Amino acid sequence: MGVIASLRAPDRRCVEWWAWAAVVANTVIVLTGGLVRLTGSGLGCPTWPRCTDDSFVPHRELGVHGVIEFGNRMLTYVLIAVVIATFVAVWRWVGTTRELRRLALLIALGVPFQGVIGGITVLTDLNPWIVSLHLILSMLLIAASVLLVLRTREAADLTLPTLTRRLVLATYGVLWVVVYLGTVVTGSGPHAGDAEAPRNGLDPQLMSHVHAISVYLLVALTIACCLALGDTRAAPLAVVLLVAELLQGTIGFVQYLTDLPIALVAVHLVGAAVLIAAGTRLLVEVASTAPASARAESIDSR
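Here's a quick rundown of the structure. Keep in mind it's a predicted model, so treat the numbers as computed, not measured.

Before going further, it helps to spend a moment on the overall build of the protein chain. In terms of helices and strands, the protein chain carries 10 helices and 2 strands. Sequence-ordered secondary structure for the protein chain, helices as α and strands as β, is α-α-α-α-α-β-α-α-α-α-β-α. Relative to the 2.2 N^0.38 estimate, which gives 19 Å for 302 residues, the radius of gyration of the protein chain is 21 Å and therefore close to what a compact globule would have. Seen along its three principal axes, the alpha-carbon backbone of the protein chain occupies a region of about 75 × 50 × 25 Å. By the burial criterion, 48% of the 302 residues in the protein chain qualify as buried. A total of about 15400 Å² of accessible surface is found on the protein chain, and carbon and sulfur atoms cover 69% of it. For the protein chain, the distance from the average site of its 20 positive side-chain charges to the average site of its 19 negative ones is 11 Å.

Next comes the structure, spelled out in structure tokens:
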């Protein structure tokens, strides 16, 4: 009853709470989807939208893999409920804006669309390129949810040089390249989601090295961001991103050297979501600032 009442007349705190719920729920579905793949349960329900040709629920012959895959599908409905509640909260908030409503609508529509992509992965026997797209879409939803959280807050004034702003933007772009290359590495290696699932045909060792090079570049750019931001309000956000990258990189190297244990791969998946969230937080903080040149022109005109 308290939840329903809060959605009737939501305040800023309520809207932000639901936006955070969308961040968490989208991150959880990344983890559970990863566990489906890591346990070889990707085809636990061999068709979609039904679990089998004649049933929406798994039967005994499908075993534990059917239960795991079906459970992940059910969690999607929990995620849908969360993003619908988020949309309602944003729409009914008296302090809302057109931008917030569009963003909440995009997230609400993105979740069922993501479900359809998940269904296509099953119908294509876990094609690794579609599985990769499936994860990237989840990361986009996480980024959009983080943006929604930040847009519900009042932006403070901050002036940065144009070059610094471009450096942060480049770092964010490389971050997405790193995450995508990680999905390509996954598509070339084990943990396909099913013993009969195809691989993308690329050399996993080569792709791991390519991925590692992109990580080195990302870390270097993030260090540059930390130095360029100096003692500004955005500097701690760059440090948080750098720490997350170093931890994620460490996990990545350890899992590579230990033949990809399931537990570490699962943590690495969540780490990718944390990186996207941290990178988006930094980008929004910097993108919402005015270039130093524009600030100077504004002062001169007074």
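Attention shifts here to the side chain of Thr-280. Secondary-structure assignment places Thr-280 in helix H9 (residues 262–287). Within the structure, the side chain of Thr-280 is placed 2.7 Å from the backbone oxygen of Ile-276, a separation counted as a polar contact. With near-sequence residues (within four places) excluded, Thr-280 lies in contact with Ala-143, Val-146, Leu-147, Leu-150 and Tyr-172.

A few words now on unusual backbone geometry. Residue Pro-49 is bonded to the preceding Trp-48 through a cis peptide linkage, with omega at 5°. Among the structural elements, Pro-49 can be located in the loop between helix H2 (12–38) and helix H3 (63–92). Of note in the backbone geometry, Leu-126 takes a positive phi value of approximately 65° without being a glycine. Looking at the secondary structure, you find Leu-126 in the loop between helix H4 (98–123) and helix H5 (128–151). Backbone geometry places Asp-259, a non-glycine residue, at a positive phi of 60°. By relative accessible area, which is 69% here, Asp-259 ends up exposed.

The next thing to look at is empty space enclosed by the protein. Evaluated as defined, the whole model comprises 1 cavity of 30 Å³ or more. Empty space within the largest cavity amounts to approximately 40 Å³. Mapped by element, the contributors of at least two residues to the lining of the largest cavity are helix H6 (162–188) and H9. The leading source of residues in the lining of the largest cavity is H6, at 4 residues.

Let us now look at the packing of aromatic side chains. Considering all chains together, one arrives at 4 aromatic pairs under this definition. Ring geometry for Trp-17 versus Trp-18: centroids 4.9 Å apart, planes at 85°, classification edge-to-face. With a relative accessible area of 10%, Trp-18 lands in the buried category. Their ring planes at 20° and their centres at 6.5 Å tell us that Tyr-216 and Phe-253 sit as a pair that is stacked. In this pair, Tyr-216 is assigned in helix H7 (residues 204–229) and Phe-253 in helix H8 (residues 235–257), connecting sequence segments 37 residues apart.

Two elements in contact, H8 and H9, have axes whose closest approach is 9 Å; the angle formed by their N-to-C orientations is 160°. The angle between the axes of H8 and H9 places the two elements in the roughly antiparallel class. Crossing hand, H8 versus H9: left-handed. Classifying every residue of the contact of H8 with H9 gives 14 nonpolar, 6 polar and 3 charged.

Time to look at the pattern of salt bridges. Within the structure shown, the criterion is met by 6 salt bridges. With a closest N to O distance of 2.8 Å, Glu-16 and Arg-153 form a salt bridge. Here Glu-16 is found in helix H2, whereas its partner Arg-153 is found in the loop between H5 and strand S1 (159–160), with 137 residues between them in sequence. Under the relative-accessibility criterion, Glu-16 is labelled buried at 13%. Across the salt bridge formed by Glu-69 and Arg-73, the nearest N and O atoms sit 2.9 Å from each other. In this pair, Glu-69 and Arg-73 both sit in helix H3, 4 residues apart, roughly one turn of the helix. Each member of the pair, Glu-69 as well as Arg-73, carries the same accessibility label: buried.

What counts, and at which threshold
Residues numbered from 1 in each chain as written. Predicted model: local features only at pLDDT ≥ 70, side-chain atom pairs only at ≥ 80, totals over all residues. Heavy atoms only, no water. Helix = DSSP H or I, 4+ residues; strand = E, 2+ residues; numbered from the N terminus. Rg over C-alpha atoms; globule rule 2.2 N^0.38 Å. Buried < 20%, exposed > 50% of the residue type's maximum accessible area, 1.4 Å probe, protein only. Areas by Shrake-Rupley, 256 points an atom, 1.4 Å probe, with all protein chains shown as cover. Lys, Arg positive; Asp, Glu negative; His and termini not counted. Charge placed at Lys NZ, Arg CZ, Asp CG, Glu CD. Polar contact = N/O pair within 3.5 Å; in protein donor to acceptor, adjacent residues only side chain to side chain. Contact = heavy atoms within 4.5 Å. 1 Å grid on protein atoms, 1.4 Å probe; cavity = no way out; pocket = protein on both sides within 12 Å on 5 of 7 lines; lining within 4 Å. Points joined across faces, edges and corners; volume = space filled by probe spheres on them. Phe/Tyr/Trp six-rings, centres within 6.5 Å; stacked < 30°, edge-to-face > 60°. Axes fitted to C-alpha atoms, helices over the stretch in contact; angles between N-to-C directions. Parallel < 35°, antiparallel > 145°, perpendicular 65-115°, else oblique. Left-handed = near helix turned anticlockwise from the far one by under 90°. Nonpolar A, V, L, I, M, F, W, Y, C, P; charged D, E, K, R; others polar. Salt bridge = Lys/Arg side-chain N within 4 Å of Asp/Glu carboxyl O.

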